[in-house]
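# Chain and residue survey
Below are the chains, spelled out letter by letter.
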Amino acid sequence: MKLTRRMFMQGAAAVTALMAAPRALLAWPEKAFKAGSSDEVMQALFGSADVTESGSVVLNAPDIAENGRVVPISVSSSLDGVQSISVIVVENPSPLAASFDLGPGASADVSTRIKMGKTSNVIAVVKADGKLYSAQKEVKVTIGGCGG
Amino acid sequence: MASDIRIKAKLNGDTAEVKTLMKHEMETGTRKDKKTGETVPAHYITEVKCELNGKLVMTANWGPAVSKNPYFAFTVKGAKAGDVLKVSWVDNKGGGSSAETTLG
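In short, a report on the structure.

Thresholds applied
- Residues numbered from 1 in each chain as written.
- Chains lettered and ligands numbered in written order.
- Predicted model: local features only at pLDDT ≥ 70, side-chain atom pairs only at ≥ 80, totals over all residues.
- Helix = DSSP H or I, 4+ residues; strand = E, 2+ residues; numbered from the N terminus.
- Buried ≥ 20, exposed ≤ 12 C-beta atoms within 10 Å, placed from the backbone.
- Contact = placed C-beta atoms within 7 Å.
- Pairing = 2+ DSSP bridges.
- Axes fitted to C-alpha atoms, helices over the stretch in contact; angles between N-to-C directions.
- Nonpolar A, V, L, I, M, F, W, Y, C, P; charged D, E, K, R; others polar.
- Arc of directions from axis to C-beta.

### Points about the overall build of chain B
In terms of helices and strands, chain B carries 0 helices and 7 strands. Ordering the α and β elements of chain B from the N terminus gives β-β-β-β-β-β-β. Each of the three principal axes of chain B carries a C-alpha extent, and together these read 55 × 20 × 20 Å. By residue count, 37% of the 104 residues in chain B fall in the buried class. Partitioning the contacts of chain B with sequence separation of at least 6, the portion at a separation of at least 24 is 54%.

Quick look at the structure:
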């Protein structure tokens, strides 16, 4: 296959398009998801583990999860300027479960279902106006959701 | 492959409550196949994007700890009837899917 000028230009255009794509496209925080402790997760995500516990962050999770494979979690916040919401399961092999980047059109209110290997504290970290706020709750797990 | 994402959106004034269900095995990469004893390779959704009329509202970055056939609910501000809400995901193996719905 000969590399023609047209092909080269198309290739270059594709590369440019990729680079110009919204940051979110390429921003999957691999380091944070591979981190082995909640402090490492915070460092990788925010460059700081300096969080303030706040009543303005509401973490809804069950007291007891009978099935660790499906634990419903929801996080909301009344803070202004929420940029991201992250869910960390301290005792999971990879503590970071999910991290939500909020655009201007999104409310600070997300729900999902996660897996928990065993009983653990779950921490919700909300980044608002560049500062970190958190709420945590212990969820008891009767049947683990990792391996099996 | 639009059928593997289900979107339910309820418009409430100018906010839309969106509930989505995606079909995905969300394999952690640590589970062993009981028959062969071999580790099942990781296969999970890494990124979910939600757009309203083509404008990015939210990006969810996920690890393998999100449950199988993920459920994801969120709220969009400043929405109105007729707006198009699009949800799309990509996984760690390069797979992906998207679906959209019109609010109203």
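### Structural notes on the sheet that holds strand β5 (residues 71-76) of chain B
Reading across the sheet, the 6 strands line up as β2(A)-β4(A)-β7(A)-β5(B)-β2(B)-β1(B) and stay open at both edges, with antiparallel pairing between neighbours. Every other strand in the sheet has two partners, leaving β2 (57-60) of chain A together with β1 (5-12) of chain B as the edge strands with one partner each. Averaged over neighbouring strand pairs, the angle between their axes works out to 15° when direction is ignored.

### A short note on the environment of A:Ile123
Residues and elements named next belong to chain A. Residue placement: Ile123 occurs in strand β8 (residues 120-128). Judged by C-beta crowding, with 23 C-beta atoms within 10 Å, Ile123 ranks as buried. Taking the C-alpha atoms as reference, Ile123 lies 11 Å from Val51; in sequence the two are 72 residues apart. Here Ile123 is in contact with Ser38, Ile88, Val90, Ser134 and Gln136, once residues within four sequence places are set aside.

### Considering the environment of B:Glu38
Residue and element names in this part refer to chain B. With respect to the secondary-structure elements, Glu38 resides in the loop between β2 (15-22) and β3 (45-52). Residues Glu38 and Asn53 lie 15 residues apart in sequence; the distance between their C-alpha atoms is 45 Å. For Glu38, the residues in contact, after removing those within four places along its chain, are Lys32 and Asp33.

### What to know about unusual backbone geometry
Of note in this structure, B:Met26 is not a glycine but carries a positive phi near 50°. Counting through the fold element by element, B:Met26 comes out in the loop between β2 and β3.

### Some remarks on the interface of chain B and chain A
At the interface, 28 residues of chain B touch 31 residues of chain A. For the side of chain B that touches chain A, the secondary-structure elements that each account for two or more residues are β3, β4 (55-62) and β5 of chain B. Looking at the side of chain B that touches chain A, the element that brings in the most residues is β4(B), giving 8 residues. Per-class residue counts for the side of chain B that touches chain A are 14 nonpolar, 10 polar and 4 charged.

### Quick word on the pairing of β2(A)
All names here are of chain A. The alternating pattern of β2 places Val57 and Leu59 on a buried face and Val58 and Asn60 on a face that is not buried. Bridge count between β2 and strand β4 (residues 71-77): 4 bridges; the pairing is antiparallel. Across the sheet, the residue bridging to Val58 is Ser76, located in β4.

### What to know about helix α3 (residues 38-46) of chain A
All names here are of chain A. Within α3 the residues assigned to the buried category are Ser38, Val41, Met42 and Leu45. All buried residues of α3 lie within an arc of 95° about the axis, which places them on one face of the element. Looking at the packing, one finds that the buried side of α3 touches α2 (30-34), β5 (82-89), β6 (96-102) and β8. A positive phi of about 75° marks Gly47, the residue just after α3.

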